[in-house]
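Residue-level structural notes
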Amino acid sequence: METRPGELYADIVVRQGRAVAGPFSYSVPEALRPRIALGQLVWVPFRRTRLPGIVVGLSDRAPEFDTRPLAGILEERPALTEVQVRLARWISQYYLCSLAEAAFAMLPPGVVYRVHRVAVLTDAGRSRALEGVAPATRNLIEALRAAGGEMEERELCRRLERKSVRGSLQRLATQGWLQLETRIAEPLVRPHYEPFLVLSGTEAEVMQHRAELWAGRRHSVSARILEALARAPAGERDRASLLREVKGTASALKRLEKAGLVQLEPDKYLVWAERLDALLPLRQTVPAVEPLLEAEGRLEVRERGELEPFRALSRKGLVRVEKQPARVRLTVLPEVARERAASLRRTLADERGLALLDALGASGERALPLSELGRLVPGASRSDAEALVAAGICRFEVRERYRDPLAAMVQPPEAPPVLTTRQGLVWQALYEGLSKGGYQVFLLHGVTGSGKTEIYLRALGRVLREGRQAIVLVPEIALTAQVVQRFAARFPGRIAVQHSGLSPGERYDQWRRIRDGKVDVVIGARSAIFAPLPRLGLIVVDEEHDPSYKQDDRPPRYHAREVALALARLTGSTVVLGSATPSCESYWRAQRGTFRLLELPERIRVREGPGGTRIALTETSLPRVRVVDMREELRAGNRSIFSRDLQRALREVLQAGEQAILYLNRRGTATFVMCRACGHVVRCPQCDVALVYHSDSGTLLCHRCGRRAAPPSLCPACHSATIRYFGAGTERVVAEVLAFFPNARVLRWDRDATRDLRGYQETLEAFASRNADVLVGTQMVAKGLDLPHVALVGVVSADTGLDLPDLRAAERTFQLLTQVVGRAGRRAERGLAIIQTYHPDHYAIQAAARQDYRGFFRQEIAYRQRHGYPPLRQLAVLTYAHPDEGSCRQEATRLAARLRRRAEAAGHATLIGPAPAFVPRVRGRYRWQLLLLAPRVHPLLAGLELGPGWTVDVDPANVLT
């Protein structure tokens, strides 16, 4: 390459739909050179269209090939910071994905212009006859004709219920039926603008207008009604004549009735009978006569439909029917009515105007969005705002407005508590590290309820006082609300959230606030690690062991904990990893001195001290844990999914008015459906997994692709009627609880019952508010929840993941059991946890029952050393997927031969496979896997050309995919 004075070249990664590529080199036109910057979104020519791209490099050295010029700049402000571009390069190299995949993952969804393919019928395609055309082709052309002649490719797939139509479209294009066009659509998210009511008058003008509103411009309708009733005998008037006299309205009467000042009596009819003996012979033939006789000849009738028989009797002269018009009467004393009338002399519009002026004055910007007027001032509308504008003291103004998911959250400030001795020692060590500055990592190992969050809060306070910023990661969006409330109470107005539970607009605006430096703390799930904070000083990864931090469904397949460490190295920041059950990888690094280990081995509780201070007190008693051998239960004749101990403990908790959590890491009612005659298991036709029965919907569901099916009444294989449901899920647990305790209030908390963030929060709030007695859930109930009234935790089955062929099966079981047991007795006098298992002697279950992390780690790391598993060696999983099983096996075997030669040459490396994946077919595609173990896998995978269908997962959290 050569340097050309005055010229500039940009390396750019581009995006087209889901496909990403690059970097590609482009020349920067002279007019754009002063404006171009690293991390900017730009337009680039790409083949025969334009695509959005991100600038990831700038150089004045010309490449050794001809370049095309940049087409334009999408946004002047860089979308990625320089640090983020460097981090994207690290992610690309470490997780073996493209730089484009890493860079675009850092942007909020919907921010980039969308490029999509559109099929457009030609004149021939619109008019040509369809006789003799294949059914699939006919359906496609008819769909295009019905849509007016053109449709986006993805919409065609959805309309025709096909995975892909690209091959069909290209074939029809060559035959002249249609043309394929590439079009650019606006981004899904843009800045949001809306009209505001802005206070523009001088203080003197505003005060004068307030005085006029306070005095009242006319008597209100409500005041006139009350005054008229206060003058009336007994405070009662005919409704129609009252409204005529005061020029009132029915709505005004309704408002007074709602305020408890008047009572409205509707029209009624009086039926009179002077000669009861004349009615006696009609008792059998006219049913309406009986109540009239019982009322001794004077009966009130309110419904006109009930008058018909009495009108017939009236025409015969036997009864008389009189209408009593609707009336209004006071429900308060006349003097009270007169006082209320005096206060109501201002119109309701005047009242709302006063309230709006007060709200505008309280607003820091002296402005209110029109869409929020009704929430800020009950009953206020645009007409009230227009009255203030007409008075000349306000104006309408269109302004940009952030969509803030925390806008409605009101959290009173909270003072930090006085620490326990152990907390004080931990905080002193962390404080000294923060004062020293630079890249460093602390592993905070604290038992459940030991006060780790308070250490996080103090570390944030220390960093923020230095003018730096922080990221706090939590494993689940369900936990975000609880964490945000704690942090917002300590740092009000300085927090933003980032997670997939927000709307695209909210995520976009939160991202812009972060980028613009308007917040100092970002809280969220794994994607929050990409928050563009310019002065990062601290990263907290809470529950650092959790597998949710690993993205494994699409590239980049990154682990947020490892990305946090890389980001901290780039920015010279401190990382605090916290957990009651640290991952073996993190604890291994702490043992070797890579991380600094801090420990909180005791539980605490916080109480109010003198002068309103909050004091943390040591609470040494962890929950009592009882392990129940379910084999003994079977021998004793107990066929229930609940042991006798768990039944008894549940009964005692419910009788005492306390709460319980029941944990089972399986959704549904039955985990598989089988024919007892031939052994046939009902499976998904697209995925080689058993369908799970869900009783709430009465369907069989594939937990891999979401396919639903009706439960069979006869076996599809042998046509026997001996269909049975085996296994148990959370729905079955709920049914069993209600069978034993019909009056118990039970909530279910799993992915089927709570599908979004709002569902998570509603379920959690209902249980925390004691609107339920028992919470049944999957692993979500095991994660950092603070539920003070839980006295019992029941693990329905500790064995669901223990025997899986996964190197982390024991570790995952220990972590989940320890975490869920820790939910018990966080405020009460100790708590009780009952673990039901068929493997009571397994070291993971025994260590979880003792809450003994060190004991578990010693045995687990010895197992890992024997087999050379992580953290002793690095692991990578290569998976190939193809619709044809033979082709899939052949390609996996071909690559395995190449990798095996590399592994043998390198030494200390092991290749396992090729073999079918744990789930050998998903969505109609067969899957074969290779497992590579080596001190470092990157040298063995470097330069390895992988074609379409291959995925590489470095440091996988789960090999059973």
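Presented here is an overview of the structure given in this document. What you see is a predicted model, and the numbers here were worked out from it, not measured in a lab.

1. Digging into the overall build of the chain
Within the chain, the regular secondary structure consists of 31 helices and 44 strands. Considering the chain as a whole, with its 961 residues, one finds that 50% of them fall into the buried category. If you take every contact in the chain between residues at least 6 apart in sequence, the share linking residues at least 24 apart comes to 73%.

2. A few points about the sheet that holds strand S10 (residues 150-152)
What holds strands together in a sheet is hydrogen bonding between their backbones, with the strands either parallel or antiparallel. Pairing in this open sheet of three strands is antiparallel, and the strands run S10-S9-S11 from one edge to the other. Here the strands that pair on one side only, and so sit at the sheet edges, are S10 and strand S11 (178-185). In this sheet, adjacent strand axes meet at a mean angle of 30 degrees when their direction is disregarded. With eight bridges connecting them, strand S9 (residues 114-121) and S11 associate as antiparallel partners. Considered in S11, the bridge of Val-118 is made with Glu-181.

3. Re the environment of Arg-462
Here Arg-462 lies in helix H18 (residues 452-465). Spatially, the C-alpha atoms of Arg-462 and Leu-538 are 9.7 Å apart, while their sequence positions differ by 76 residues. Setting aside its immediate chain neighbours within four residues, Arg-462 contacts Trp-427, Tyr-431, Leu-434 and Ser-435. Side-chain polar atoms of Arg-462 contact the side chain of Ser-435, separated by 2.8 Å.

4. Section: empty space enclosed by the protein
Tallied over the entire structure, the rule returns two cavities of 30 Å³ or more. Approximately 30 Å³ is the volume found for the second largest cavity. Thr-420, Arg-422, Gln-423, Ser-450, Leu-600, Glu-602 and Ile-604 are the residues that line the second largest cavity. Its residues assigned to classes, the lining of the second largest cavity comprises two nonpolar, three polar and two charged.

5. Some remarks on helix H24 (residues 644-655)
With twelve residues, H24 extends 17 Å between its outermost C-alpha atoms, agreeing within 8% with the 16 Å of an ideal straight helix rising 1.5 Å per residue. Considered for burial, the residues of H24 that qualify are Leu-646, Gln-647, Ala-649, Leu-650 and Val-653. The arc that holds the buried residues of H24, viewed along the axis, is 165 degrees, so those residues lie on one side. Residues of H24 that are buried make contact with strand S31 (659-663), helix H25 (730-740), strand S38 (774-777), strand S39 (790-795) and strand S40 (832-837). Gly-657 lies just past H24 and shows a positive phi near 75 degrees.

6. Description of the nonpolar core
Ranked by size, the top nonpolar core spans 114 residues in total, and within it Leu-107 and Ile-539 carry the most contacts. For this core, the element with the most residues is helix H21 (residues 560-571), which contributes seven residues. If you look at the next biggest cluster of nonpolar residues, it comprises 34 residues, including Ile-455, Ala-488, Phe-491 and Ile-495.

7. Here we look at the pattern of salt bridges
Counted under the stated rule, the structure contains 45 salt bridges. Its salt-bridge partner being Glu-155, residue Arg-159 comes within 3.1 Å of it at the nearest N-O pair. Taken as a pair, Arg-159 and Glu-155 lie in helix H5 (residues 153-160) at a separation of four residues, close to a single helical turn. Glu-155 sits in the partly exposed class, given a relative accessible area of 23%. Between Arg-850 and Asp-852 there is a salt bridge, with the nearest N and O atoms lying 3.4 Å from each other. Note on Arg-850: relative accessible area 47%, which makes it partly exposed. Under the relative-accessibility criterion, Asp-852 is labelled partly exposed at 24%. Beyond isolated ion pairs, a larger network of salt bridges with shared partners links Glu-194, Glu-372, Arg-375 and Arg-401.

8. Brief notes about H21
An ideal rise of 1.5 Å per residue puts 16 Å on twelve residues; H21 measures up with 16 Å between its terminal C-alpha atoms. Listed in full, the buried residues belonging to H21 are Ala-560, Arg-561, Glu-562, Val-563, Ala-564, Leu-565, Ala-566, Leu-567 and Ala-568. Buried positions along H21 lie against helix H1 (82-94), strand S21 (440-446), strand S22 (469-473), strand S25 (536-542), strand S26 (574-579) and helix H22 (584-591). Directly beyond the C-terminal end of H21, a positive phi value near 65 degrees is found at Gly-572.

9. Observations concerning the sheet that holds strand S42 (residues 910-922)
The four strands lie next to each other as S42-S43-S41-S44, forming an open sheet whose pairing is antiparallel. Every other strand in the sheet has two partners, leaving S42 and strand S44 (950-954) as the edge strands with one partner each. Averaged over all pairs of adjacent strands, the angle between strand axes in this sheet comes to 20 degrees, irrespective of strand direction. Both S42 and strand S43 (residues 925-934) contribute to a ladder of seven bridges, which runs antiparallel. If you follow Arg-921 over to S43, its bridge partner there is Tyr-926. Contacting strand S41 (874-882), S42, S43 and S44, helix H30 (residues 885-906) crosses the sheet at an angle of about 15 degrees to S43.

10. Regarding the packing of aromatic side chains
Counted by the stated rule, this structure contains 17 aromatic pairs. Centre to centre, the rings of Phe-740 and Phe-741 are 6.3 Å apart; their planes meet at 45 degrees, and the pair counts as tilted. Between Phe-814 and Tyr-853, the ring centres sit 6.0 Å apart and the planes meet at 50 degrees, which makes this aromatic pair tilted. Of the two residues, Phe-814 sits in helix H27 (residues 809-821) while Tyr-853 sits in helix H29 (residues 853-867), which places them 39 residues apart along the sequence. The same class applies to Phe-814 and to Tyr-853, which are both buried.

11. Focus on the packing of H27 against helix H28 (residues 843-850)
With their axes 9 Å apart at the nearest point, H27 and H28 run at an angle of 25 degrees to one another. Judged by the angle between their axes, H27 and H28 are roughly parallel. Taken as a pair, H27 and H28 cross one another with a handedness that is right-handed. The segment H27 lies against H28, with Ala-810, Phe-814, Leu-817 and Thr-818 engaging Tyr-843, Ala-844, Ile-845, Ala-847 and Ala-848. Its residues assigned to classes, the contact of H27 with H28 comprises eight nonpolar, one polar and no charged.

12. Description of unusual backbone geometry
Of the consecutive residues Pro-870 and Pro-871, the connecting peptide bond is found in the cis state with omega at 10 degrees. Turning to its location among the elements, Pro-871 is positioned in the loop between H29 and S41. Looking along the chain, the bond that leaves Gly-913 and enters Pro-914 is cis, with omega of 10 degrees. Following the sequence through the fold, Pro-914 ends up in strand S42. One non-glycine residue with positive phi stands out, namely Glu-543, at about 50 degrees. Under the relative-accessibility criterion, Glu-543 is labelled buried at 7%.

13. Remarks on the side chain of Ser-573
Looking at the secondary structure, you find Ser-573 in the loop between H21 and S26. Taking the relative accessible area as the measure of exposure, Ser-573 reaches 0% and is therefore buried. Separated by 3.0 Å, the side chain of Ser-573 and the backbone oxygen of Leu-536 make a polar contact. When neighbours within four sequence positions are excluded, Ser-573 is seen to be in contact with Gly-438, Tyr-439, Gln-440, Arg-468, Leu-536, Gly-537, Leu-538 and Ala-568.

14. Overview of the packing of helix H17 (residues 421-436) against H18
Helix-helix packing is characterised by the crossing angle of the two axes and by the distance between the axes. Direction vectors running N to C along H17 and H18 enclose 30 degrees, while the axes themselves pass 10 Å from each other. Looking at the two axes, H17 sits roughly parallel to H18. H18 is crossed by H17, and the crossing has right-handed handedness. When H17 is examined against H18, the residues Gln-423, Val-426, Trp-427, Leu-430, Tyr-431, Leu-434 and Ser-435 are found in contact with a partner set consisting of Glu-454, Ile-455, Arg-458, Ala-459, Arg-462 and Val-463. Of the residues assigned to the contact of H17 with H18, the class counts are eight nonpolar, two polar and three charged.

15. A word on the environment of Leu-457
Inspection of the secondary structure assignment puts Leu-457 in helix H18. Overall, Leu-457 belongs to the buried group, its relative accessible area being 1%. Once the C-alpha coordinates of Leu-457 and Arg-486 are considered, the two residues, 29 residues apart in sequence, prove to be 8.7 Å apart.

16. Details of the environment of Tyr-193
Mapped onto the elements of the fold, Tyr-193 is located in strand S12 (residues 193-199). Classification of Tyr-193 as exposed rests on a relative accessible area of 51%. Those residues in contact with Tyr-193 that lie beyond four places of it in its chain are Val-398, Arg-399 and Glu-400.

What counts, and at which threshold
- Residues numbered from 1 in each chain as written.
- Predicted model: local features only at pLDDT ≥ 70, side-chain atom pairs only at ≥ 80, totals over all residues.
- Heavy atoms only, no water.
- Helix = DSSP H or I, 4+ residues; strand = E, 2+ residues; numbered from the N terminus.
- Buried < 20%, exposed > 50% of the residue type's maximum accessible area, 1.4 Å probe, protein only.
- Contact = heavy atoms within 4.5 Å.
- Pairing = 2+ DSSP bridges.
- Axes fitted to C-alpha atoms, helices over the stretch in contact; angles between N-to-C directions.
- Polar contact = N/O pair within 3.5 Å; in protein donor to acceptor, adjacent residues only side chain to side chain.
- 1 Å grid on protein atoms, 1.4 Å probe; cavity = no way out; pocket = protein on both sides within 12 Å on 5 of 7 lines; lining within 4 Å.
- Points joined across faces, edges and corners; volume = space filled by probe spheres on them.
- Nonpolar A, V, L, I, M, F, W, Y, C, P; charged D, E, K, R; others polar.
- Expected span 1.5 Å × (residues − 1).
- Arc of directions from axis to C-beta.
- Core = buried A, V, L, I, M, F, W, Y, C linked by side-chain atoms within 4.5 Å.
- Salt bridge = Lys/Arg side-chain N within 4 Å of Asp/Glu carboxyl O.
- Phe/Tyr/Trp six-rings, centres within 6.5 Å; stacked < 30°, edge-to-face > 60°.
- Parallel < 35°, antiparallel > 145°, perpendicular 65-115°, else oblique.
- Left-handed = near helix turned anticlockwise from the far one by under 90°.

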